[in-house]
Structures are given as structure tokens and as C-alpha cells.
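This is what each chain is made of:
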Amino acid sequence: MGAHGPVRKPSTGRLRRLATPLGILATVTAAFAYVGTVDPNEPGHYPVCPLLKITGGFCPGCGGLRSAHAFIHGDLGAAFSSNALATTGYFLFAAVWVLWLVRAWRGQPLRIVLAPVWWWGIGALLLIFTVVRNLPFGSALAP
């Protein structure tokens, strides 16, 4: 018996609902911890991007590991410089994850439904980002 009545155990249903978002957070945290300790700026720690190796062009993900490394060390300028799209994605992931956790806590499903126009827009953004970062005037977006 607690100070204000009987002590309640957290419901098994709530713990079950929180398991997936917390598991995803643990996995992402472990991945960022690894990239934070194993510096991608030092050659030989990670494989080279196959697209970069074959074509010499940067894909939308090129610089993502360096971006994550800088991000985990609190250097947002270097993170954006390495891959602005990936760094923006870290913040987007955090916002969606918090929304997911709150909804799971309340017993509500997370339903993010994007109309096809949004998917086309995301694809166009990735394509434009990839093309521009490979052109001379877009070198600021290159890793």
C-alpha cells in the first residue's frame, strides 16, 4: 500500500504497446553509439558507397555516416555539411518517434497516411538533392 492508496503495477497492455517504439529507440541509439565511437572520417572503418565507387557521383545517403558521427558529438554544423538531408531526417525521426510513444502510451495507433502527392514530392526532393549535390554550383551539399 502506497502513501496515496494501493500501488498499481503498470498494465501489461501498456508495456506491450510501448515495447516496439522503445525497441526501435534502443536500436537507433545503439547504431548512433557505434557510429559515434567508430569514426567514419577514418578510412577503412566502413565500406565505400557502391554508387560513389562505380560512378563517382554522390547518392542521397553519401556523407550520412559522417553526418551521424558529427550529430552524436553535437556538431550540428558539420552534420549538416556532411548530409543536410540526413540531419533533417534525424529531427524528423525524433518528432515522429515522440508522437508514436505518446500515442502508444495512450493506447492509440500511430497512423501516418501520406497522399501519393507527398510520396512523389519526397521522391522529387531526393532526386533534386542528389542531382544538385553533384553539380558544381551545389558543391555545398556534397559531403
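Residues numbered from 1 in each chain as written. Predicted model: local features only at pLDDT ≥ 70, side-chain atom pairs only at ≥ 80, totals over all residues. Heavy atoms only, no water.

J.: Please provide a residue-by-residue account of the overall build of the chain, values included.
T.: Of regular secondary structure, the chain possesses six helices and zero strands. Helices and strands in the chain line up, N terminus first, as α-α-α-α-α-α. For 143 residues, the compact-globule estimate of 2.2 N^0.38 gives 15 Å, and the C-alpha radius of gyration of the chain, at 20 Å, exceeds that figure by more than 25%. Counting only residues that meet the buried cut, the chain has 22% of its 143 residues in that class. Across the chain, every contact between residues at least 6 apart in sequence was considered, and the portion connecting residues at least 24 apart equals 53%. (Helix = DSSP H or I, 4+ residues; strand = E, 2+ residues; numbered from the N terminus. Rg over C-alpha atoms; globule rule 2.2 N^0.38 Å. Buried < 20%, exposed > 50% of the residue type's maximum accessible area, 1.4 Å probe, protein only. Contact = heavy atoms within 4.5 Å.)

J.: Can you break down helix α1 (residues 12-37) residue by residue, with the values?
T.: With 26 residues, α1 extends 36 Å between its outermost C-alpha atoms, agreeing within 8% with the 38 Å of an ideal straight helix rising 1.5 Å per residue. Along α1, the sharpest change in direction is near 35 degrees and occurs at Ala19; proline Pro21 comes one to four residues later. By the burial criterion, the buried members of α1 are Leu18, Pro21, Phe32, Val35 and Gly36. In the core, the buried residues of α1 are packed alongside α3 (64-72) and α5 (84-106). (Expected span 1.5 Å × (residues − 1). Bend = angle between axes of the 7 residues up to and from the residue.)

J.: Kindly report on a nonpolar patch on the surface, identifying the contributing residues and their values.
T.: Together, Leu92, Val96, Leu99, Ile112, Leu114, Val117, Trp118, Trp119, Ile122 and Leu126 line one region of the surface with nonpolar side chains, adding up to about 960 Å² of accessible area. Relative to the elements of secondary structure, Ile122 occurs in helix α6 (residues 116-133). (Patch = residues over 30% accessible without salt bridge, like charges linked within 9 Å, V, L, I, M, F, W, Y side chains within 5 Å. Areas by Shrake-Rupley, 256 points an atom, 1.4 Å probe, with all protein chains shown as cover. Salt bridge = Lys/Arg side-chain N within 4 Å of Asp/Glu carboxyl O.)

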